[in-house]
Amino acid sequence: MKLLTHNLPSSHVQGVGPRGFPLHLQATEVRINPMEFNPDFLACMIPKVEWAVLLEAADTLHLVEVPKGLTEGYDHDEKFLRQMHHVLLEEDVLEGTLQCPESGHLFPISRRIPNMLLSDEETET
Amino acid sequence: MSDVQEATNQLLDVNLHENWSSIQVTESGPRSESEHLQVTIGATVPTGFEQTAADEVREKLGSSCKISKDRGKIYFDISVESLAQVHCLRSVDNLFVVVKEFKDYQFKETKEEVLKDFEELAGKLPWSDPLKVWKINTNFKKKKTKRKKINQNTDSHILDYYENPAIKEEISTLVGDDLASYKDEKDESSKEETHPKMLKFRVTCNRAGEKHCFSSNEAARDFGGAVQDYFKWKADMTNFDVEVLLNIHDSEIVVGIALTEESLHRRNITHFGPTTLRSTLAYGMLRLCAPQPTDIIVDPMCGTGAIPIEGATEWSNCYHIAGDNNPLAVDRAANNISSLLTKSQIKEGEVSWGLPIDAVQWDICNLPLRTGTVDIIVTDMPFGKRMGSKKRNWNLYPACLREMSRVCRPGTGRAALLTQDKKCFTKALSGMGHVWRKVHTVWVNIGGLHAAVYLLKRTPQAFVHPSEQDGERTPW
């Protein structure tokens, strides 16, 4: 699971609502998966990213390169874009967990795939 | 003008520009005999997507298409130089070069006379140019792969020519790409080139129409006999070099020579599931949604992942998520994604490039995605025949549509949904007019079943939890 994907899901455990976002990431196995650098894609995608979520996730994975905020003209800063490219798309979590911040429920990540299925008691009807 | 229409119009404007530049290239090329050869190419496409395929041809080749009455076929003219690019079209299954087209063929009264006419026809057709094209084409076409057992090694042999460097028209790099298993076939073909008259051929006849007094087998047999006499080729139904096509649709006859050995629709998938969708159909559905750069495209019932994989390879400036509740399906999808990575590894040589795609296991009725974050949803809904059941669909479809309307971005979001259970779908959709608006329906044929692809647009209205009316659930 890439970090860009981690930015999207939220917990749907019953009763949790918007407090189910973001899911806390823990990774036991991570692999670097090189991807073709596409600056236009990144420049447009970055504003859509929830920055705080990304910071936390990058922190958990011990990636030190993520700046605290977006600076003016980031879309022309190639160094910055390349760093973001690496963080968002090239770090691939193979094994780990995603934790619901409200209920504490753990969703496992196995062989790059997060399992977000809930048992019947936990789902909303 | 709706957003989708505006986006489509913008795309069309771009297409016109590309049209001009491709024409200029062909006119400034050096003069040589075969380079100014214009040919008519026919392509079979999934029925219902003829227009989408025509759009792709116009966009990528700069040619306009004729859509024949015989469903599922389009025709367009190109110069021989563009042949490699034709193989890179994503919406076509099979390609052939047209030898001759009869728009209104006059059939004689009796079977004997009709078949005699076919025999005489063989010698009167303009074969030389199409055969030249066929010869040039043997370098570009995907050779039939020997599918014995799919294991880790053979996966990597399934190269796809849409990815091959022949786009840059360097045939030598193509040869370099071939793996050891192709060496045998190459040796064979080089032997045959020294004996051009020892070609093996077969005739395939497709006949549709009510007023014919003959069968396709009879036509193929007699026409084939005459072809054999004319060219002195050897007839071989399985191991052939040249496949002559005789397509008869009412009074329209097209004689062609096949340019593809294996349908191009098997391109992306190495691990098939019980209901894997053809890649050409997946491409058509995605194209209907007019993906814009950085769109988030989700297939919440991905199965083997045919749709997101096609999306990730063709629209690599969007982000694709494949999800399914079935662990087997997600597994297969992940394997198909890995196989794709292996293929690109072979092409590049050292580095394997990742793709903008990820897989998640989830339940479509309860998607772990925030409200209004998805731009495009494209999915193949369970028909209720091989997968699921019609009875289950009565509950599943409304739940799906509701959850999809929640995650889809209001105003700009859109969805392309394929289903055969049209009755159930229409009923489920009827209660959702405040969030989904049906923009277009494409009637398609999936393995004999009459299915439909519904193109829906998400209305600007924000999603309201039913609970906000009756206070049962926490509002999102």
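For the structure given in this document, a descriptive report is provided here. Keep in mind that what you see is a predicted model, and the values were worked out from it rather than measured.

### Quick look at the overall build of chain A
And then number 1: A tally of helices and strands in chain A yields four helices and four strands.
And then number 2: Going from the N terminus to the C terminus, chain A shows its helices and strands as α-β-α-α-α-β-β-β.
And then number 3: Relative to the globule expectation of 14 Å for 125 residues, the C-alpha radius of gyration of chain A, 15 Å, shows essentially globular dimensions.
And then number 4: Expressed along its principal axes, the backbone C-alpha trace of chain A runs to roughly 50 × 30 × 20 Å.
And then number 5: Buried positions account for 51% of the 125 residues belonging to chain A.
And then number 6: The long-range fraction of contacts in chain A, counting pairs at least 24 apart against all pairs at least 6 apart in sequence, stands at 70%.

### Let's talk about the packing of helix α10 (residues 279-288) of chain B against helix α11 (residues 306-314) of chain B
All names here are of chain B.
And then number 1: Direction vectors running N to C along α10 and α11 enclose 70°, while the axes themselves pass 9 Å from each other. With respect to each other, α10 and α11 are oriented roughly perpendicular. Considering only the axes of α10 and α11, their crossing is right-handed. Between α10 and α11, the contacting residues are S279, A282, Y283, M285 and L286 on the first element and A306, I307, E310, G311 and E314 on the second.
And then number 2: Here the contact of α10 with α11 is composed, by residue class, of six nonpolar, two polar and two charged.

### Notes on the sheet that holds strand β15 (residues 449-458) of chain B
Residues and elements named next belong to chain B.
And then number 1: Spatially, the seven strands line up as an open sheet ordered β11-β10-β9-β12-β13-β15-β14, and their pairing is mixed. In the strand order of this sheet, the two ends are held by β11 (357-361) and β14 (436-446), each with one partner. Sheet twist, expressed as the mean angle between neighbouring strand axes with direction ignored, is 15°.
And then number 2: Two strands pair when backbone bridges link them, and strand β9 (residues 296-299) and strand β12 (residues 376-380) are joined in this way by two bridges, in the parallel orientation. Looking across to β12, one finds that V298 is bridged to I377.
And then number 3: Sheet strands touched by α10: β9, β12, β13 (414-419), β14 and β15. Its angle to β14, the strand with the most contacts, is close to 160°.

### Notes on the sheet that holds strand β2 (residues 91-99) of chain A
Backbone hydrogen bonds hold the strands of a sheet together, and the pairing may be parallel or antiparallel.
Residue and element names in this part refer to chain A.
And then number 1: Ordered by their spatial adjacency, four strands build an open sheet running β1-β2-β3-β4, and the pairing between neighbours is antiparallel. At either end of the open sheet lies a strand with only one pairing partner, and these are β1 (24-32) and β4 (113-114).
And then number 2: Here β1 runs beside β2; their pairing, made up of eight bridges, is antiparallel. Residue pairing in the sheet places A27 in a bridge with G96 of β2.

### Quick look at the pattern of salt bridges
All names here are of chain B.
And then number 1: By the definition in use, this model includes 20 salt bridges over all chains.
And then number 2: Across the pair R287 and E59 runs a salt bridge, and its minimum N-O distance is 2.6 Å. Of the two residues, R287 is situated in helix α10 and E59 in helix α2 (residues 50-61); the sequence distance between them amounts to 228 residues.
And then number 3: According to the relative accessible area criterion, R287 is buried, its value standing at 16%.
And then number 4: On the basis of relative accessible area, E59 is assigned to the partly exposed category, the value being 22%.
And then number 5: Salt-bridge contacts for K116 lead to E120; the nearest nitrogen and oxygen are separated by 2.9 Å.

### Quick look at the packing of aromatic side chains
How two aromatic rings sit relative to each other is set out by the distance from centre to centre and by the angle between their planes.
Residues and elements named next belong to chain B.
And then number 1: Overall, the coordinates contain 14 aromatic pairs over all chains when judged by the stated rule.
And then number 2: Centre to centre, the rings of F107 and F118 are 6.5 Å apart; their planes meet at 85°, and the pair counts as edge-to-face. Within this pair, whereas F107 is found in the loop between β4 (94-102) and α4 (111-124), its partner F118 is found in helix α4, the two being separated by eleven residues in sequence.
And then number 3: The exposure class assigned to F107 is partly exposed, which follows from its relative accessible area of 24%.
And then number 4: Ring pairing ties together the aromatic residues F102, Y105, F107, F118 and F214, which thus form one cluster.

### Observations regarding the interface of chain B and chain A
And then number 1: Every contact between the two is made by 38 residues of chain B and, on the other side, 35 residues of chain A.
And then number 2: Taken as a group, T294(B), N366(B) and R370(B) account for 20% of the area that chain B buries against chain A, more than any other trio of residues on that side.
And then number 3: Between chain B and chain A we count two salt bridges in total.
And then number 4: Measuring nitrogen to oxygen at the nearest pair gives 3.3 Å for the salt bridge that ties R111(A) to D331(B).
And then number 5: The interface formed by chain B and chain A includes 13 residue pairs in polar contact (both at pLDDT 80 or more).
And then number 6: Listed by contribution, the elements that provide at least two residues to the side of chain B that touches chain A are β10 (319-324), α12 (327-348) and β11 of chain B.
And then number 7: The biggest single contributor to the side of chain B that touches chain A is α12(B), with six residues.

### What to know about the packing of α4(B) against helix α9 (residues 216-231) of chain B
Residues and elements named next belong to chain B.
And then number 1: Running from N to C, α4 and α9 point in directions that differ by 30°, and their axes come no closer than 8 Å. Considering only the axes of α4 and α9, their crossing is right-handed. When α4 is examined against α9, the residues K111, L115, F118, E119, L121, A122 and G123 are found in contact with a partner set consisting of E218, A219, R221, D222, F223, A226, V227 and Y230.
And then number 2: Of the residues belonging to the contact of α4 with α9, the class tally is nine nonpolar, one polar and five charged.

### Section: the pairing of β13(B)
All names here are of chain B.
And then number 1: With six of six residues buried, β13 is to be regarded as a mostly interior element.
And then number 2: By the alternation rule, side chains of β13 split into R414, A416 and L418 and A415, L417 and T419, which are all buried.
And then number 3: Direction of pairing for β12 relative to β13: parallel, over a ladder of five bridges. Bridge pairing in β13 places D380 opposite L418.

### Let's talk about the nonpolar core
And then number 1: Core analysis: the largest hydrophobic core is formed by 68 residues, its most contacted members being L25(A), L401(B), L417(B), F425(B), W436(B) and L456(B).
And then number 2: Once residues lying within four places of it in the same chain are set aside, the contact partners of L417(B) are M285(B), I377(B), T379(B), M381(B), L401(B), M404(B), F425(B), A452(B), V453(B), Y454(B) and L456(B).
And then number 3: Judged by nonpolar contacts, the second largest core, of 53 residues, contains V80(B), L89(B), L95(B) and L199(B).

### Structural notes on empty space enclosed by the protein
And then number 1: This model, assessed by the stated rule, comprises seven cavities of 30 Å³ or more.
And then number 2: For the largest cavity, the calculated volume is near 120 Å³.
And then number 3: Lining the largest cavity are 13 residues, and of these R112(A), I337(B), I357(B), D358(B) and A359(B) sit closest to its centre.
And then number 4: Mapped onto the lining of the largest cavity, the elements with two or more residues apiece are α12 and β11 of chain B.
And then number 5: Classifying every residue of the lining of the largest cavity by side-chain character gives seven nonpolar, one polar and five charged.

### A short note on helix α3 (residues 51-60) of chain A
All names here are of chain A.
And then number 1: Residues of α3 that are buried include every one of W51, V53, L54, A57 and A58, and no others. The arc that holds every buried residue of α3, seen down its axis, measures 155°, which confines them to one face. For α3, the exposed residues lying more than 90 degrees away from the buried face are A52 and D59.
And then number 2: Positive phi shows up at H62, right after α3, with a value of about 60°.

Rules and cut-offs
- Residues numbered from 1 in each chain as written.
- Chains lettered and ligands numbered in written order.
- Predicted model: local features only at pLDDT ≥ 70, side-chain atom pairs only at ≥ 80, totals over all residues.
- Heavy atoms only, no water.
- Helix = DSSP H or I, 4+ residues; strand = E, 2+ residues; numbered from the N terminus.
- Rg over C-alpha atoms; globule rule 2.2 N^0.38 Å.
- Buried < 20%, exposed > 50% of the residue type's maximum accessible area, 1.4 Å probe, protein only.
- Contact = heavy atoms within 4.5 Å.
- Axes fitted to C-alpha atoms, helices over the stretch in contact; angles between N-to-C directions.
- Parallel < 35°, antiparallel > 145°, perpendicular 65-115°, else oblique.
- Left-handed = near helix turned anticlockwise from the far one by under 90°.
- Nonpolar A, V, L, I, M, F, W, Y, C, P; charged D, E, K, R; others polar.
- Pairing = 2+ DSSP bridges.
- Salt bridge = Lys/Arg side-chain N within 4 Å of Asp/Glu carboxyl O.
- Phe/Tyr/Trp six-rings, centres within 6.5 Å; stacked < 30°, edge-to-face > 60°.
- Buried area = accessible area lost by both parts, 1.4 Å probe.
- Polar contact = N/O pair within 3.5 Å; in protein donor to acceptor, adjacent residues only side chain to side chain.
- Core = buried A, V, L, I, M, F, W, Y, C linked by side-chain atoms within 4.5 Å.
- 1 Å grid on protein atoms, 1.4 Å probe; cavity = no way out; pocket = protein on both sides within 12 Å on 5 of 7 lines; lining within 4 Å.
- Points joined across faces, edges and corners; volume = space filled by probe spheres on them.
- Arc of directions from axis to C-beta.

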